[in-house]
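Chains, contacts and geometry: an overview
The residues making up each chain are set out below.
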Amino acid sequence: MPIDGRASGQGRVFQTGGDQYIEEHHHHYGAGTGSLLAPQSVGPRPPQGAAVPDSVRVPLVGRAPGILRDRADLMERLRAAVTGPGGDVHVLHGLGGCGKTAVAHTLFTEAVRDHGRVGLWVNASERISLRAGMLAVAGDRGATTGELAAAAGGQRAAADLVWHYLDHSAQRWLLVLDNADDPTVLEEGGWLRTSPLGTVLVTTRHATSPLWRGTGTARHPVGVLPEADAAQVLCDLAPDAGTVESAQKVARRLGCLPLALTLAGSHLSHQLLESWSMDEYDRKLSEDSTALVDQGAAGTGSGQSRHLVGRTWQLSLDALAGQGLPEATTLLRLLSCWAADPVPLSLLMPVARGEVDFGHLDPPLAADRVEPALRGLLDHSLIGMVEADGRRCVQAHGVLLDSVATGVPEEQRAALAEAAGQLLEAALPPEGSVSAEARAELRLLTPHAFSLLRTAPGESAARLAAHAARQVLDAGDWPGALAMSRAVADMAVRSLGEEHPVALDVQDVLGRALLRMGHFHESEATHRRVLEARERVLGPDHPDTLRSCFGLNQPLDVLDRDEEAEQLLRRAIEGQRRVLGEDDAETLTSRAQLLEVLAELRKEDEFDTEASAVVEACERALPPDHLTTLLARHLMGYGLKEFGRYAEAEPVARRTLADRTRVQGADHPQTLSATFLVGFVAHALGKRDDAIALFQRLVEGRTRILGEEHPTVALDRALLARWEAQAQP
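How each quantity is defined
Residues numbered from 1 in each chain as written. Predicted model: local features only at pLDDT ≥ 70, side-chain atom pairs only at ≥ 80, totals over all residues. Heavy atoms only, no water. Helix = DSSP H or I, 4+ residues; strand = E, 2+ residues; numbered from the N terminus. Expected span 1.5 Å × (residues − 1). Buried < 20%, exposed > 50% of the residue type's maximum accessible area, 1.4 Å probe, protein only. Contact = heavy atoms within 4.5 Å. Pairing = 2+ DSSP bridges. Axes fitted to C-alpha atoms, helices over the stretch in contact; angles between N-to-C directions. Parallel < 35°, antiparallel > 145°, perpendicular 65-115°, else oblique. Left-handed = near helix turned anticlockwise from the far one by under 90°. Nonpolar A, V, L, I, M, F, W, Y, C, P; charged D, E, K, R; others polar. pLDDT = per-residue confidence, 0-100. Polar contact = N/O pair within 3.5 Å; in protein donor to acceptor, adjacent residues only side chain to side chain. Salt bridge = Lys/Arg side-chain N within 4 Å of Asp/Glu carboxyl O. Phe/Tyr/Trp six-rings, centres within 6.5 Å; stacked < 30°, edge-to-face > 60°. Lys NZ or Arg CZ within 6 Å of the ring centre and 35° of its normal. Core = buried A, V, L, I, M, F, W, Y, C linked by side-chain atoms within 4.5 Å.

**Considerations on helix α24 (residues 562-579)**
- In this model α24 runs 25 Å from its N-terminal to its C-terminal C-alpha over 18 residues, within 8% of the 26 Å that 1.5 Å per residue would give.
- Within α24 the residues assigned to the buried category are Asp562, Ala565, Glu566, Leu568, Leu569, Ala572, Ile573, Gly575 and Gln576.
- Buried positions along α24 lie against α22 (520-537), α23 (543-558) and α25 (585-600).
- Positive phi shows up at glycine 581, right after α24, with a value of about 115 degrees.

Shown next as C-alpha cells:
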C-alpha cells in the first residue's frame with residue numbers, strides 16, 4: 001500500500017510501514033525566555049510513579065499573589081542577589097502559610113520580566129517531583145534526549161547532568177526550589193548546589209537544617225505580617241467589604257497569617273448568595289474560624305492541602321511521623337489546648353522528667369520523646385522559640401492551634417484537656433505567692449488556663465481558671481483579674497449553671513475584683529447574689545458562705561453602709577471561729593477587716609482592744625510576713641489615722657509600707673495603699689515635703705497600674721494638687 005502524506009504550517013506527518021510507538025513533545029516559550037533554536041529536550045518517558053511538570057518556566061502555585069505587602073527589605077536583598085554576580089543560595093524559611101512561596105513568585109516574575117533572567121521553578125516537596133522537575137530543567141537548558149534517558153534510567157548521575165547544563169547555560173537564571181520541607185530530599189543526590197551563572201531560591205518550613213548552613217547560603221525568616229499590612233491585604237482582595245478598621249479586626253483574629261488573609265479576602269470577594277461585611281465575617285470567625293477561612297479556597301482556584309488552613313500543617317506532622325516522631329502530633333495537640341501566647345518550657349518539664357505519665361494519649365508521649373518532638377516542631381516551623389518575662393518559651397500561631405484543635409479526634413479530646421489541665425495546675429505558683437517571680441509566672445500561665453476552659457468547658461477547667469484568677473487578683477494585677485474573672489465567670493455559669501459551687505467561686509473572685517477596680521455597686525450586687533446562692537446551696541455555716549459574708553461587707557463599707565457591713569463581718573468572724581478555728585488565716589483576716597469598720601463607726605475603745613489582740617494573734621499563729629499580718633497592721637494604722645492619732649499611726653504606717661514593699665513589691669496596689677497612709681499621716685504631722693513626694697509617687701503608680709479612670713486616682717490627684725498649692729510661697 002503506497003504511503004503518501006503531506007503537511008503544512010506546524011502540521012506533522014509520521015509515516016511507517018509497521019507498528020511503531022511515537023511520542024511528540026512541544027515546547028512553547030514566550031518572548032525573551034530563550035532562543036527557539038537552542039537545543040530542546042525531547043525527554044524519555046518518566047519513570048513509574050513520576051510526573052513530568054507541565055512547565056518549569058511558570059510557577060505552578062495556583063493563584064498568583066497580588067500586591068506583596070511588608071516584604072520590602074527582604075525583596076531588596078533578593079533582588080540584589082538575582083542581579084548580582086550569582087553563585088549563592090537563599091533560603092526562605094517559616095511557618096506554613098506565612099507567604100514564602102508568594103515572595104518567591106514575586107521575585108521570579110521580576111527576575112524574568114525586569115532583569116532578563118531565565119526563571120526555573122521546581123516543586124521540591126518530594127523526591128519524585130524534585131527529580132522530574134530538575135530533569136526538566138536540564139532539558140530546558142539543553143540536555144539531549146539520550147542524556148535525559150540515561151539519567152532517568154539510572155545510567156548517569158542525574159544531579160550532575162542538571163548542574164552541568166545550569167553551569168553552561170547561555171543565559172543567567174533563577175532557580176526556585178519550592179516547598180523543600182524535607183531537606184533530605186535535596187541532600188540525597190546532591191541536588192542543592194551553587195553556580196556562577198545563577199541564583200537558587202529555596203522555600204521551606206524546615207528552619208534548622210544543616211543543609212542551609214553551607215558556604216554561599218543565606219537564610220531569611222519569613223513571618224506573619226504587621227497588622228496594618230495584614231489589613232491592607234484584606235482590603236486589596238475585598239475592597240468593598242469594609243473599612244480599614246474592620247479589616248484590622250479580622251486580621252488580628254487571623255493572627256496576620258498571609259494564607260488565612262488570602263483565603264478570607266477571597267471568600268469576602270466571591271460571595272454570591274450572601275454578602276458579608278468584614279465586621280460580619282469577624283463575628284462568624286468566632287464560631288468556627290478554620291472551616292470558615294478554608295471556604296475561601298474556592299475563590300483562589302485551589303483545594304490543595306498546602307492552600308488550606310485546616311490541612312496545611314498536617315503535611316508537616318505527617319513528615320515528622322514519617323521521620324519517627326509521631327509524638328510531635330500529640331505535643332502540638334497538647335499545645336492547642338492552650339492559648340497562642342508563649343508557653344513556658346517549664347510547663348512541659350513534668351512530662352520530660354517522667355513525673356506525669358501521658359502514655360494513654362494517642363500517640364503516646366513518653367518522657368524521652370518530649371525533647372525530640374519539640375525539636376521536630378521547631379525544625380518544621382510549627383512552633384518558635386521566644387523569651388517572655390525572662391523565661392524560655394515556645395509559641396505557635398493562633399490559626400495553626402485552632403486548626404489543630406479542630407482536627408483532634410473526638411475520643412481523644414477529654415484526655416488531652418485533662419493532661420493540659422494537669423500540667424497547668426502543677427505550674428501555677430503556690431497559693432499566696434506574691435513575689436515578682438510568681439507574678440511573672442502568672443502572667444504567662446493565666447491565658448492558658450482561660451483558653452483551656454474555652455477549649456474544654458467543664459468543672460475541672462473552670463476550677464483551674466477560677467483558681468488562676470484569684471491568684472492574679474492576690475498578686476496585684478487588679479485590671480487583669482477583673483477581665484479574667486468576668487470571662488471565666490460567664491463561661492462557668494454557661495457550662496455549669498449559675499449556682500454550681502465552682503461558678504459561685506469564680507463569681508466571688510469577680511466581686512472582689514470589681515471592688516478593687518472601683519465598681520462598688522456592681523461588686524455589692526455580685527457578692528449579694530453569691531451569698532444568697534451559697535446560703536441555699538451550701539448552708540449558712542459553710543466556709544464559702546462565710547467567705548461571702550466577708551466579701552459583701554467590703555463594698556458596703558465603701559458605700560457608707562457601715563452598720564450592715566459590721567453585721568456581716570461579725571457573722572463571718574463568729575462562723576469562722578466555730579468552723580475553721582480561732583487561729584485560721586481566714587478568721588484572722590476577717591478580724592483584721594473589722595478594724596476598718598470599727599474606725600469608721602467611731603468605736604474607738606473596741607478598736608483599741610481588738611487592734612492589739614488581732615495583731616498579736618497574727619504574729620503568734622501565722623508565719624512571718626504573712627499577708628494577713630500585714631493587713632492587720634495596715635488597718636491598725638488606718639484606724640489610728642481615722643481617730644486623728646497621727647503620732648501613733650506613723651510608725652505603724654511606715655512599718656506597713658516597708659513590709660509591703662519588701663514582700664509584695666513597690667508596684668503592688670496594696671503597697672501603694674500603704675503609701676497613701678504614710679503620706680497622709682506625714683502631712684498631718686507637718687512633714688509636707690515628704691508627704692508631697694510620697695503622693696507624687698502614689699499618683700504615678702496608681703495611674704499606671706489601675707488606670708486614669710480609677711476613682712482613687714482622681715482623689716489622690718485632688719489631694720496632691722491641694723497640698724502643692726498650699727506649699728507655694
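**A few points about the sheet that holds strand β8 (residues 391-395)**
- Taken in spatial order, the three strands of this open sheet run β6-β8-β7, and their pairing is antiparallel. The open sheet terminates on both sides in strands that have one partner only, identified here as β6 (343-344) and β7 (384-388).
- The sheet contact formed by β6 and β8 spans two bridges and is antiparallel. Paired with proline 344 across the strands is cysteine 393, a residue of β8.

**A short note on the sheet that holds strand β2 (residues 118-123)**
- Taken together, the five strands give an open sheet; going across it, the order is β2-β3-β4-β1-β5, and neighbouring strands pair in parallel fashion. On the outer flanks of this sheet lie β2 and β5 (217-221), each paired with one strand and no other. Recorded for the sheet is a direction-independent mean angle of 15 degrees between the axes of neighbouring strands.
- As judged from the five bridges shared by strand β3 (residues 173-178) and strand β4 (residues 198-204), these two strands associate in the parallel manner. Bridged to leucine 175 within β4 is valine 200.
- The sheet contacts of helix α3 (residues 127-140) involve β2 and β3, and relative to β2 the element is tilted by about 160 degrees.

**Observations regarding the packing of α3 against helix α4 (residues 145-152)**
- The geometry of α3 relative to α4 is characterised by a closest axis approach of 10 Å and an angle of 160 degrees between their N-to-C directions. The pairing of α3 with α4 is recorded here as roughly antiparallel in orientation. Considering how the two elements wind past one another, α3 and α4 form a crossing that is right-handed. Counting all contacts with α3, which are made through Arg131, Leu135, Ala138 and Gly139, the residues of α4 involved are Leu148, Ala151 and Ala152.
- Across the contact of α3 with α4, the residue classes tally to five nonpolar, one polar and one charged.

**Overview of the confidence of the model for the chain**
- In the predicted model, the chain carries a mean pLDDT of 86, and 88% of its residues have values of at least 70.
- The low-confidence segment residues 1-50, where pLDDT is below 50, has 45 contacts with residues more than four positions distant or belonging to other chains.
- Here residues 298-303 is modelled with pLDDT under 50, and outside its nearest four sequence neighbours on either side it reaches eleven contacts, counting other chains as well.

**Regarding the side chain of threonine 589**
- Looking at the element boundaries, threonine 589 is found in helix α25.
- A distance of 2.9 Å separates a polar atom in the side chain of threonine 589 from a polar atom in the side chain of threonine 628.
- The residues contacting threonine 589, other than those within four sequence positions of it, are Phe550, Thr628 and Leu631.

**Topic: the packing of helix α1 (residues 72-83) against helix α2 (residues 100-115)**
- Between α1 and α2, the shortest axis-to-axis distance is 11 Å and the interhelical angle comes to 45 degrees. Classified by the angle their axes make, α1 and α2 are oblique. Read as a crossing pair, α1 and α2 show a hand that is right-handed. Side by side, α1 and α2 meet where Leu74, Met75, Leu78, Arg79, Val82 and Thr83 of the first sit next to Val103, Thr106, Leu107, Glu110, Ala111 and His115 of the second.
- Of the residues assigned to the contact of α1 with α2, the class counts are seven nonpolar, three polar and two charged.

**A few points about the pattern of salt bridges**
- Per the stated rule, a full pass over the model turns up 60 salt bridges.
- Its salt-bridge partner being glutamate 708, residue arginine 717 comes within 3.1 Å of it at the nearest N-O pair.
- Residue arginine 717 is classed as partly exposed on the basis of its relative accessible area of 36%.
- Salt bridges linked by common partners bring Glu619, Asp625, Arg633, Arg655, Asp659 and Arg662 together as one network.

**Quick notes on the pairing of strand β1 (residues 89-93)**
- For β1, a buried count of five out of five residues is recorded, marking the element as mostly surrounded by other parts of the structure.
- Of the two faces of β1, the one carrying Val89, Val91 and His93 and the one carrying His90 and Leu92 are both buried.
- The pairing of β1 with β4 spans five bridges and is classified as parallel. Residue histidine 90 lies in a different strand from β4, and its bridge partner there is leucine 201.

**Quick notes on α2**
- Between the first and last C-alpha of α2 there are 21 Å, a value that for 16 residues agrees with the 22 Å anticipated at 1.5 Å per step.
- Taken together, the buried positions of α2 are occupied by Lys100, Val103, Ala104, His105, Thr106, Leu107, Phe108, Glu110 and Ala111.
- Packing partners of the buried residues in α2 comprise α1, β1, β2, β3 and β4.
- Looking one or two places after α2, you find glycine 116, whose phi comes out positive at around 65 degrees.

**Thoughts on the packing of aromatic side chains**
- Per the stated rule, a full pass over the model turns up seven aromatic pairs.
- Measuring from ring centre to ring centre gives 6.0 Å for tryptophan 163 and tryptophan 173, while their planes differ by 65 degrees; the resulting arrangement is edge-to-face. Of this pair, tryptophan 163 sits in helix α5 (residues 158-167) while tryptophan 173 sits in strand β3, placing them ten residues apart in sequence. Of the two residues, tryptophan 163 and tryptophan 173, both sit in the buried class.
- Connected via pairs of aromatic rings, a cluster forms that spans Phe676, Phe680, Phe695 and Trp723.
- Looking at lysine 641, its charged tip hangs above the ring of phenylalanine 680, at a distance of 4.9 Å from the centre.

**A closer look at unusual backbone geometry**
- The amide bond that connects aspartate 362 to the next residue, proline 363, takes the cis arrangement and shows omega of -5 degrees.
- Its location among the elements puts proline 363 in the loop between α14 (349-352) and α15 (370-379).
- Here aspartate 560, not a glycine, exhibits a phi torsion of approximately 65 degrees, which is positive.
- In this structure, aspartate 560 sits in the loop between α23 and α24.
- Under the relative-accessibility criterion, aspartate 560 is labelled exposed at 61%.

**Some remarks on the nonpolar core**
- Counting 123 residues, the largest nonpolar core has Leu332, Leu334, Trp338, Phe358, Leu377, Ile383 and Leu423 as its most contacted members.
- Of all the elements, helix α19 (residues 459-475) adds the most residues to this core, at ten residues.
- For leucine 377, the contacting residues outside a window of four places in its chain are Leu317, Leu320, Ala328, Leu331, Leu332, Leu382 and Ile383.
- By size, the runner-up hydrophobic cluster in this structure holds 34 residues, among which are Val118, Leu120, Ala124 and Leu175.

**Quick look at the pairing of β2**
- Of all six residues in β2, five are buried, a share of seventy percent or more.
- Here six bridges tie β2 to β3, and the two strands are oriented parallel to one another. Bridge pairing in β3 links asparagine 123 to aspartate 178.

**A closer look at the side chain of serine 246**
- Along the chain, serine 246 falls in helix α8 (residues 244-253).
- With residues near it in sequence (within four places) discarded, serine 246 still touches Met278 and Asp279.

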